[in-house]
Amino acid sequence: MGPPSEPPAALVRCTRAHGQYHPGVPANATPLDSLIYARGLTKRFGSFTAVDGVDFDVAPGEAFGFLGPNGAGKTSTMRMIGTVSPVSAGTLTVFGLEPAHDGARIRSRLGVVPQADTLDRDLSVLENLLIYGRYFDLSWGEARRRAVELLEFVQLTERSNDQVEPLSGGMKRRLVIARALINEPSLLLLDEPTTGLDPQARHLVWDRLYRLKQRGVTLCLTTHYMDEAEQLCDRLVVMDKARIVAEGSPRQLIERYVTREVLELRFRRDEGETDDSAHLVGQLEGLAERFEQLPDRTLVYTSDGEATAAAAFERGLRPTGVLVRRGSLEDVFLRLTGRSLVE
Amino acid sequence: MAALRISPPLVLIRPTRMVERNLLVYRRSFMVIFSGFFEPLFYLFSMGFGVGALVGSVQLGDGTSVSYAVFVAPALLASSAMNGAIYETSNNFFGKLKYAKIYDAVIATPMSLADVARGEILWALLRGSLYVLGFLAVIGVLGIGGLGLISSPMGLLAFPAAMVVGYGFAGAGMAATTFVRKWQDFDFLQLAIMPMFLFSGTFYPISAYPAALQVVVECTPLYRGVHLIRALTTGTPDVWIAIDVLYLLAMGTIGLAIVSKRLSKLLLA
Ligand SMILES: Nc1ncnc2c1ncn2[C@@H]1O[C@H](COP(=O)(O)OP(=O)(O)OP(=O)(O)O)[C@@H](O)[C@H]1O
Ligand SMILES: [Mg+2]
């Protein structure tokens, strides 16, 4: 990459002034350093704002994740990057190109695994890959060579000549991933790549994505699974209600937003007993920096779970269950996006 | 390794990808394609020869008198081109757009929406050309039998003319389909197609109508198609055939432009 330079004038012109600044976004990143460069990126559907002025960069070779509850705006963001949804406001460049002007050029270097798999139900497994290769201007011979190789890669060789519909969810997902690779993309967009898959299928997909990353393919994915984010992402942003609320590596986020350990206390609650959470928290006061009362347990955020549990015992608390665990990305997520379902 | 690129011009090549996709689908059910082949022939036999036996001959615009079968055959050819185009661009296109969601996958590739629209029109035309050629072959064979359904060498132009008719209706039909919300809406399309088929000078000369009504019928696209093809097969061209061609080409091209616009509204939210 060349030295940091000013973005081209054309890009500056349409960059909206935006107040938010996310600590993890390198201030000097430019559209030319980043595979994806977004500043004040906004998506509106009529009067509804689905993505509200987000800033992020994805560097070449990186695995970047969007984490966020339902409706946070992850898919809307991915679709703008994939150039299948016009940008409402702000700046977005992919490979240094603008979606509105160079959509076809961007797409020719992009692999896309959409949230809802858009397989061609009228075609067989192999034909799905062949025709996709043709859409990318591959010769039939080259399309076939790659298709055979990719079916091997996602372990679907035996199903080559089957129709798509009877495939299991996991197989369909793998087929969509294979299809996204037919043009040997340098950037892969994956919208919830493993939602609905069983553990075996998820691990297979993770393994394949990891191998792609090893080969230098840049990954940009969304997920609801914290373990997936921890496994795959070098860096991620948490989105909530159309905005980015945090950014960093999984490790940084845990350090920043939760304690090293979390102590989980369960108390027996007798039939008909009124809510005593206020009372409980009162008793725990001063033991740790932060508590959270869930319907079935109390979470105590602390640097040393054992010590805090002992202190609670000394205060006369008698929990029926005690669990000390490490602070996780899930704690970060729930802290940032709230415990209740936002719909 | 570098992708093997097919040399330009992509603007002409890319639409053919949609044709390839459809060929992959239909190579397993090729017989379905042939069903559309028989309808115009059934009409030809029942109307051309059945009714023709009662009617005798019909006078063309320039005063020449031709047998009823010769009169009706070009009209059936035009109708067949229309029906083929409409069939492919209404139900089939709608199914792919709204239910099979074929294009949701295509838009993530370098293909543009204009490529998709042009490709599907091309496919409709290719499919229609099978019916047109089949029909022409049958009436050609009958011609050898002394029936002379094509009474002029100009009749050879009936094939490209039928393609022009197909293009006009494919463009318009596809544009209309992008506004359709549910299958039942296609009943309205039939409500436009059926009367055109019956009243556009297909089965009798429009001189049977009062003058005002004649003008209305002359403005319908199928009338223009029938006029064009009949002028060629009977060897009685007039200056109006230029209007016919322009009218139908404009209809197809405007339709295509509308389709590209509408698809971007429907698919690129
Ligand atoms: N085409 C559309 N028209 C109108 N509103 C839309 C459209 N697409 C998305 N939205 C709205 O935008 C918001 C963000 O949706 P989006 O699909 O981006 O969320 P998401 O983070 O991907 O959620 P999920 O985790 O459920 O997939 C939602 O409130 C959704 O209803
Ligand atoms: Mg989504």
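Parameters at a glance
- Residues numbered from 1 in each chain as written.
- Chains lettered and ligands numbered in written order.
- Predicted model: local features only at pLDDT ≥ 70, side-chain atom pairs only at ≥ 80, totals over all residues.
- Heavy atoms only, no water.
- Salt bridge = Lys/Arg side-chain N within 4 Å of Asp/Glu carboxyl O.
- Buried < 20%, exposed > 50% of the residue type's maximum accessible area, 1.4 Å probe, protein only.
- Helix = DSSP H or I, 4+ residues; strand = E, 2+ residues; numbered from the N terminus.
- Near = heavy atom within 4 Å.
- Polar contact = N/O pair within 3.5 Å; in protein donor to acceptor, adjacent residues only side chain to side chain.
- Areas by Shrake-Rupley, 256 points an atom, 1.4 Å probe, with all protein chains shown as cover.
- Pairing = 2+ DSSP bridges.
- Axes fitted to C-alpha atoms, helices over the stretch in contact; angles between N-to-C directions.

A closer look at the pattern of salt bridges
All names here are of chain A.
Here is step 1 of the chain: Under the definition given, this model contains 37 salt bridges over all chains.
Here is step 2 of the chain: We note a salt bridge from Arg121 to Asp117, for which the minimum N-O separation is 3.5 Å.
Here is step 3 of the chain: Judged by relative accessible area, Arg121 falls into the partly exposed class, the value being 27%.
Here is step 4 of the chain: Exposure remark for Asp117: the relative accessible area of 22% places this residue in the partly exposed category.
Here is step 5 of the chain: A salt bridge links Glu247 to Arg235, with the nearest nitrogen and oxygen atoms 2.3 Å apart. Within this pair, whereas Glu247 is found in strand E9 (residues 243–248), its partner Arg235 is found in strand E8 (residues 235–240), the two being separated by 12 residues in sequence. Per residue, the accessibility class of Glu247 equals that of Arg235, and both read buried.
Here is step 6 of the chain: Three or more residues are tied together by salt bridges with common partners; here these are Glu264, Arg266, Asp296, Arg297, Arg325 and Asp331.

Notes on the site of ligand 1
Here is step 1 of the chain: For ligand 1, the set of nearby residues contains 15 residues, the closest of which are Gly71, Gly73, Lys74, Thr75 and Ser76 of chain A.
Here is step 2 of the chain: Two or more chains meet at ligand 1, and those chains are chains A and B.
Here is step 3 of the chain: Residue Lys74 of chain A places a side-chain N or O atom 2.7 Å away from an oxygen atom belonging to ligand 1.
Here is step 4 of the chain: Between ligand 1 and the protein, one listed contact pairs an oxygen atom with a side-chain N or O atom of Thr75 of chain A at 2.7 Å.
Here is step 5 of the chain: Bound to the protein, ligand 1 loses 64% of the 630 Å² it would expose on its own.

Observations concerning the sheet that holds E9 of chain A
Residue and element names in this part refer to chain A.
Here is step 1 of the chain: With mixed pairing, 6 strands are arranged side by side in an open sheet as E5-E6-E7-E3-E8-E9. One side of each edge strand has no neighbouring strand; the edge strands of this open sheet are strand E5 (110–113) and E9. Across this sheet, the average inter-strand angle for adjacent strands is 15 degrees, counted without regard to direction.
Here is step 2 of the chain: For strand E3 (residues 63–67) and E8, the ladder comprises 4 bridges, and the chain directions are parallel. Among the inter-strand pairings, Phe66 is bridged to a residue of E8, identified as Val237.

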